[in-house]
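Each chain is listed here by its residues.
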Amino acid sequence: MDLSVPELKQQIETLERQVETLTSSYNECLGLRQQNGYAKTDEKFAIAFRSNPNALMLSYEDDGTIIDINDSFVNLFKRKRADVIGKSALSIGLYDDPAKREEIIEQLRSNGRITNRELKLRTGTGDERVVIFSTEVLNLGDRRALLSTLQDITESKKTEEKLRIEHNILEAVVNNIGAGFVVADTEGNILSMNESALKIHDFRSEEEKLDQLHQYVDEFEIEYPDGTLVPPAKWPLALAMKGEYVKDYRVRLKKRNYKNVKYISYNAVPVHGNEGKPMFIVLTLTDNTEISRRSTEIESILSCIAEGVVVYDREGHIIRANSAAENILKLKEPDKDLALAERVEKNYRVWTEDKRLLKTEEMPAYKASVLGETVKNELLLIEASGYPKWINISAAPLIIEGKHAGGIISMSDVTARKNAEQKLRENEEKFRNLADNIPPFTWMADEKGYIFWFNKRFFEYTGSTPEEMEGWGWTKVHHPDHLDRVMKRFRKAIETGATWQDTFPLRSKDGEYRWFLSRALPIRDQSGKIIRWFGSNSDVTELRRKEDTLRKNEQRLHGVFNNAAIGIVEVDINDRMITVNDRACGILGYTREELIGKNIREITSPEDLERTNEMNTRLHNGEFSIFEYEKRYVKREGTPICVHVTVSAVRDANGKHLYSIGTFDDISERKKAEEALRKSERLYRKIAGDLRENEQRLQAIFDYAAIGIAEVDENDRFVEVNGHICDILGYRREELLQKAVHEITYPEDIPHSRLMNQKLHQGEIDLSSYEKRYIKKDGSLIWVNITISAIRNLEGRHVRTVRTIEDISARKKAEENLKQSETILKQAGFMANLGAWVIDYINPEEPQKNPLIWSDQTYRIFGYEPGSAEVTNDFFYERVVPSDRPLVRETLANALKERKSYTVEHRITRADGAERKVVEHAEITFDSSGNPLRIVGAVQDITERKLEEEKLRESEEKFRSLFENITEGVALHEIVYKDGKPVDYRIIDVNPAFQEHTGYDYQSVKGRLASEVYNSSEPPFLQEYAGVAESGKPYRFNTFYAPIGRHLIISAISPSKGRFATVFEDITEQKKNELEIKKKNEELTRFIYTVSHDLKSPLVTIKSFTAYLKEDIAAQDKAGQDKDINYIQNAADKMGKLLDELLELSRIGRKEKSKTSATLRTVAQSAIDLVAGRLANNNIKVEFTGPSVMLYGHIERFIQLYQNLLDNAAKFMGDQPRPFVEIGAFIDSERNNEIVLFVRDNGSGIDPRYHHKIFGLFEKMDNTTEGTGIGLALIKRIVEVHGGTIWFESEGAGKGTTFYFTLEGTQVINN
Amino acid sequence: MKEGEPLVILFIEDDPAHAEITMRNFKKNRISNTVIHLWDGQQALDYLFRQGEYADPEKSPLPHLILLDLRLPKVDGIEVLQRIRSNDNLKWIPTVILTTSEAEIDITKAYNYHVNSYLVKPLDFTKFSNLIEAFGFYWVVWNKFPQAN
């Protein structure tokens, strides 16, 4: 029998009532018997007594003798009436404890009755029974009897016992479980609450409990989850008081003026009484604070991070997704039944990074949930509208309780970063590509001169690797003989910050040394501090080779002089020897050192002294400028030798004797003439020396880094190959020489090769460079970069080509490897390394003391084992890099003030000391009055991403500044297509050097169309450039850019499809130098020619007529003798003059006095004075016209120049009746406003047929005119030495001549 | 040319001394043919192309042999040679260069324009004399000329 406590109570009450009824009915019976007759009453009593369901016993008070018992008693106590009646209760062992009877009797005597006393009695069988015992005293005659009612409560007692235990357990449980119980009545009186309820309300003990609902309303606030207040009428208890059932009523409970918020779920049940009215109310309070906090945290983290998170089951149905994920994936409600991968597929076309369309089974969602794989990837999602989106995605299987339950995906929209990165990468690639491909080697060093980057060409040339070359590794490819000097100078430049320039050999990978002109310039930051150095090395080997050839020529000639059989001495006006040649030393038996400074008289035989003195004096006095005679010198050992001496005086423009040149030979030698020839060669040597001097000053030129070299004839056959090309192609030299180029060219590449060859052949281009494949001897293919330059013969016909071939297969392979490792890197790549943290903002006065909690991953991000450190705000800030701390604090303070979420990037120091970069997103929860409650944050390690970005940015910046500072003009273009055909190109970017090379303002051409800029319907080289942009194959050619008169090498390369860059190398200077060298070589040839012809000519005459003279003397033919002597004299004079003038010519430009200024008028007047006689004789008038100008230079030379021009004019005046010469100057607008000087005559003019010969050495128009024909050559040399040019105009014979020339430094005098 | 007809030699030399030496040597070696001496390249061309004063073929007969110096005023020897060789009427005329120049470039050029012989004036008088003698023998005695057209 299970009875609850109230039921039990009820039963007891019922029992009591029964006893009462029974007693009263008994007493009634007694009364009846007394009044109406006993029998009837007795019978009634007997029936009542016997049939009573309770056990009844009638006994005497004094001895306890039992008078009667009823049937219930018999049943209950298992005793027969006969065994009991007449016996005392004690004797039959009814009482468990006999003392109890004494107590009962005692109690009866004092109270008169006993009600509801619990007693333990024994049955006839000895069992124990618990009864409720009530007894009344009856008077049976004179003896007091007791009527006892005994109700068996043994079972009830057992149940009660059980219930008590249960109650105790329940109570303990109620007081100890989280749920709070509150019992209230319908009036709002709080009757009781358990421990949990007290705790929830923050009551410390039962005494603090409030008793009325309205008191709670005053003391507490209840808020809906959204923060709005719950009005008191809607409080759960209030609702229950109105009879409503309250179920899972989620609110936030907060004590006024107390921060701590509880998340409570209320259940309230009104307990109804009999009339259907609620009697009291039971409230159950479930404290969800922890769970709510956690879920809020997760919600906050999920919502405050940009990271989208989707969790889905094995079928792909989404279990949950945060808003970021929904935004990113644009998941649509109607597709709910589809699997995630399909839903994504429905909205997007998904591409991989390597531009492959993703299949369903390759989707990360599919892989994670179905295949159980972990995937990290960056994918390109393209909407139906075409809008692209880059997603960084990590997908992993969702494991719940060890079972594979589906997948979890975290993703972020990285489009902006991707785009920025892409752009940056493109830029970086673009500039790197440019830098790598421009022909000169380029490199960059840090401020300490540590070289951290070389361009590709450098490595290609040296065959080295970046690792070998980094820093000071470049010393390995330097020539040991030059290294010390190079290092010294380079270090000095780095120290001083001065631009560095040096020329030195570098070893190529074949071990060949080529010469490079190298420069480095410092790049400074805004404060002027040097941050980097840019350097370049240009191959000047070819130039040096040319110089070398020249030097060899010179040496050869020098050798000729040294072997010359004629002695030459230069003698000053005091007859002391200044210079002597080897032969002079040889003849005289002295060393050079002994001779120099010696007076000529010291080596003259005493017999000839007088004559020598006389001749020299006369020469000095100007009686003649040349003389020759035979005399005797005394050799060092004392023996006299007979010599034939020719002495000529060298005079200045005023005729002053400066020094003399003497040539002599041992006339016993029959080789006099040949010696004279060599004498002139000696002179040549001086001139050649002068040329050398100039050449050393020549600037360097570029050349292409040549590796394999082959010479190919016009029939495409190899005629010469170097060792390297044999190595590249695997052929022996002899085999290769049997081959034609097309035989070893990969068939696909033949058409292009043909095209390029044709262009070369037709002279369209001089140089082409492209990539092609050769077939090696073993049949394998090899990629090469080939540079072909045409060699043309004198008529410009293309006869041969020289090819330089670079093996680029290694490069091609490296490119592939790079791509591969990049892919691997990406796959290993980006981890969504995300940690979480929470600050409970319970202590606004001391925010530092607010508790901070980290997630496991946060610990890991900070380098700690999860839970291994006690985390506080101070602990966190100590981990933040000191310089970033203010930023973090301020960002948080600001967010608190403005009540918003925040994001902050900062650096931290990990437990192991490593510095990492993290980004934190945090969301702050505020209460209804705006006080912060909690901050939930997500922290992500972005070090790798940032580093990569930083590196890329830095690299981009470096290459951009290289682009800005490089001396080569670079322009980037994009091809413009129309109907699929290239029609134009747009200038995207150009660097400052571009302006220098092309003359176009580099800022204003950006973004414009080439056709517009160059003002032509088809912009220059469109087809070629379009080819480069499409094929990616570089193209290189020489061109002359007329608008600004520059020679350019244009290299076109393609950094990406549809785009191309042009690199301009200004080779104008090189061209000029080349031209100059060519001119000098011509001059050289001219001198050799002069030596072999013009100087020889008089010698032939002298020789022959000396012989005739001898014959005529023998024949005593006087007339013949005179004639012979006359010829000899003329020839000797002529030779003397030639020598003089050659000397003069060679002196121009060296050993000059310093430059000074003089007016044209002064200079010309001095010249006029010098030729006054001749002018007067020819009746020539001289006029000055034009502005006054000031000349700057060697004034003596200028006078000489005008003197020669005037002389020339006088000489060729012809039959002009009114001869005049006009001297003047004008500003020539066609020559950049240069001042042009001129000398104009109205004489006989120059036949156009002979114009080309005018300035030649020893060219004479006419044998009848005087002079050697050196005048104009001299003039030209003077002009050239002064940085000018000279030309003339003459319409022909009889039309007069005007000589025009420019002189550097000429200025108009402004009065 | 016809048998017995005197050989006409056109001799172009600007240097009077050299002209004298050469002429003397001609005489000495009894090269008794008609030697027409001209002074510069322009004159030579005028003569050969019958310009100006040389218009009359009687007075200015086409030479059988040309002895040409290289370095000449106005028009140099190479150009004269070139003009001779590029003219159908003249190109057959044997042309010999006689010059002081030993320059390789001159020699190459001359042969490029099909000179028949290139002689360098020796410094030594005897050698000069021997050269002219040999020249005389070779061209006047031994050499066969084509019949006149």
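Relevant structure appears above.
Computed from a prediction, not measured in an experiment: that's the story for all the values here.

The rules behind the values
Along each chain, numbering runs from 1 in the same order as the chain's sequence is written. The naming scheme follows written order: chains are lettered A onward, ligands numbered 1 onward. Thresholds applied to this predicted model are a pLDDT of at least 70 for local features of residues and 80 or more for the giving and counting of side-chain atom pairs; totals over whole chains, interfaces and linings are not thresholded and use all residues. With hydrogens and water stripped out, all remaining heavy atoms of the structure feed into the side-chain values. Runs of H or I in DSSP of at least four residues are treated as helices and runs of E of at least two as strands, each being numbered from the N terminus. Working definition: with a 1.4 Å probe on protein chains only, accessible area under 20% of the residue-type maximum means buried, over 50% means exposed, and in between means partly exposed. Residue contacts are defined here by distance: any two heavy atoms, one from each residue, within 4.5 Å place the two residues in contact. For the area figures, the Shrake-Rupley method with a 1.4 Å probe applies, and any residue is considered shielded solely by the protein chains shown. We define a salt bridge as a contact between a side-chain nitrogen of Lys or Arg and a carboxyl oxygen of Asp or Glu at a distance within 4 Å. Being paired, for any two strands, means DSSP has found at least two bridges between them. Axis definition: a line fit to C-alpha positions, over the contact stretch in the case of helices; interaxial angles, taken between N-to-C directions, run 0 to 180 degrees. Centres within 6.5 Å make a pair out of two Phe, Tyr or Trp rings, where for Trp the six-membered ring is used; the pair is then stacked when the planes are under 30 degrees apart, edge-to-face when over 60, and tilted otherwise. Put simply, a charge is over a ring when the Lys NZ or the Arg CZ is close to the ring centre, within 6 Å, and near the line of the ring normal, within 35 degrees.

Okay, the overall build of chain A next. Along chain A, the regular secondary structure elements total 40 helices and 50 strands. Here chain A holds 1311 residues, and the buried ones make up 49% of them. Sequence-distant contacts, at least 24 apart, represent 52% of the contacts inside chain A between residues at least 6 apart. Total accessible area computed for chain A in this model is approximately 64500 Å², and 49% of it derives from carbon and sulfur atoms.

One pass over the structure, following the stated rule, counts 47 salt bridges over all chains. As a salt-bridge pair, A:Lys209 and A:Asp211 come within 3.7 Å of each other at their nearest N and O atoms. One salt bridge connects A:Asp1124 with B:Arg24, and the closest N-O pair in it is separated by 3.4 Å. In this pair, A:Asp1124 is assigned in helix α36 (residues 1118-1147) and B:Arg24 in helix α1 (residues 16-28), connecting two distinct chains. Take A:Asp1124 and B:Arg24: they sit in the same class, and that class is buried. By sharing partners, the salt bridges in this structure join A:Glu221, A:Glu223, A:Arg252 and A:Lys254 into a single network.

Attention now moves to the sheet that holds strand β39 (residues 981-990) of chain A. Residues and elements named next belong to chain A. An order of β39-β38-β42-β41-β40 is seen for the five strands of this open sheet, with the pairing classed as antiparallel. At either margin of the open sheet sits one strand with a lone partner, and together these are β39 and β40 (1035-1041). Averaged over all adjacent pairs, the angle separating strand axes in this sheet is 30°, with direction ignored.

All names here are of chain A. Burial of strand β48 (residues 1286-1289) is one-sided: the residues Ile1286 and Phe1288 facing one way are buried, the residues Trp1287 and Glu1289 facing the other way are not. Note: β48 against strand β49 (residues 1297-1301), four bridges, orientation antiparallel. Bridging across to β49, Ile1286 finds its partner in Phe1301.

What follows is about the packing of aromatic side chains. This structure, assessed with the given rule, holds 46 aromatic pairs over all chains. Look at A:Tyr985 and A:Tyr1025: their rings are 5.5 Å apart centre to centre, the planes differ by 75°, and that puts the pair in the edge-to-face class. One end of the pair, A:Tyr985, is in strand β39; the other, A:Tyr1025, is in helix α33 (residues 1022-1031), and 40 residues separate them in sequence. Under the relative-accessibility criterion, A:Tyr1025 is labelled buried at 2%. Between A:Tyr1025 and A:Phe1037, the aromatic rings sit 6.4 Å apart at their centres with planes inclined by 40°, giving tilted as the arrangement. Taken together, the residues A:Tyr1025 in helix α33 and A:Phe1037 in strand β40 connect sequence positions 12 residues apart. Of the aromatic side chains, those joined through ring pairs into one cluster are A:Trp854, A:Tyr859, A:Phe862, A:Tyr864, A:Phe875, A:Phe876 and A:Tyr877. Looking at A:Arg143, its charged tip hangs above the ring of A:Tyr60, at a distance of 3.7 Å from the centre. For B:Arg83, the ring lying beneath its charged end belongs to B:Phe49, and the centroid distance is 5.1 Å.

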